[in-house]
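# Breakdown of the fold
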Amino acid sequence: MEKIQSEEQYQQAIQSDKYTVIKFETNWCPDCKNLDRFIGDIVAEHADKDFYSMDAEQFQPIAEANEVRGIPSLLVYKNGEKVAHLHSKFAKTPGQVREYLAGL
């Protein structure tokens, strides 16, 4: 999963005409580390989507604009629009994440 390093990279990523999934995280978040343990398999199952990670503290204005209230959160974009948001309390198990992505 590629890490977003700039606002320009974020803007470019979300403009895709296919689903772009961005994991908002921080380096101190235990739930983020737990998600990292199983997200690789899920990414491999969804080759039709682009996956990125993004530090919610480093890009706080973007996180706030997207109503990221907890981490990790998985946000999905298409053609520059946010189309789905999986809040942190629902991103704790592989089953929850798979169900969320299957519903797109």
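None of these values were measured; they are calculated from a predicted model.

### Notes on the overall build of the protein
Per the secondary structure count, the protein includes four helices and five strands. Secondary structure elements in the protein, listed N-terminal to C-terminal, are β-α-β-α-β-α-β-β-α. By the compact-globule yardstick of 13 Å for 104 residues, the protein fits well, its C-alpha radius of gyration being 12 Å. Expressed along its principal axes, the backbone C-alpha trace of the protein runs to roughly 30 × 30 × 20 Å. The buried share of the protein, reckoned over its 104 residues, is 46%. The contacts in the protein between residues at least 6 apart in sequence include a share of 68% that link residues at least 24 apart. When the accessible surface of the protein is split by element, carbon and sulfur atoms take 47% of a total near 5,700 Å². In the protein, 12 positive and 17 negative side-chain charges are present, and the distance between their average locations comes to 6 Å.

### Regarding the sheet that holds strand E5 (residues 81–86)
The strand order across the open sheet formed by five strands is E1-E3-E2-E4-E5, and the pairing between neighbours is mixed. Edge strands, defined here as strands with exactly one partner in the open sheet, are strand E1 (2–3) and E5. Here strand E2 (residues 20–25) runs beside strand E4 (residues 73–78); their pairing, made up of five bridges, is antiparallel. Counterpart to Thr-20 in the pairing with E4 is Tyr-77. Here helix H2 (residues 30–45) sits on the sheet and contacts E2, strand E3 (50–55) and E4; the angle it forms with E2, its principal contact strand, is near 165 degrees.

### Regarding the pairing of E4
Note on strand geometry: in a regular strand, side chains alternate between the two faces of the sheet. Within E4, five of the six residues are buried, leaving the element largely enclosed by the surrounding structure. Looking at chain direction, E4 and E5 are connected through five bridges and run antiparallel. In the strand pairing of E5, Leu-74 is matched with Leu-86. Hairpin connection of E4 to E5: two residues between the antiparallel strands, including Asn-79 at a positive phi of 50 degrees.

Conventions and cut-offs
- Residues numbered from 1 in each chain as written.
- Predicted model: local features only at pLDDT ≥ 70, side-chain atom pairs only at ≥ 80, totals over all residues.
- Heavy atoms only, no water.
- Helix = DSSP H or I, 4+ residues; strand = E, 2+ residues; numbered from the N terminus.
- Rg over C-alpha atoms; globule rule 2.2 N^0.38 Å.
- Buried < 20%, exposed > 50% of the residue type's maximum accessible area, 1.4 Å probe, protein only.
- Contact = heavy atoms within 4.5 Å.
- Areas by Shrake-Rupley, 256 points an atom, 1.4 Å probe, with all protein chains shown as cover.
- Lys, Arg positive; Asp, Glu negative; His and termini not counted.
- Charge placed at Lys NZ, Arg CZ, Asp CG, Glu CD.
- Pairing = 2+ DSSP bridges.
- Axes fitted to C-alpha atoms, helices over the stretch in contact; angles between N-to-C directions.

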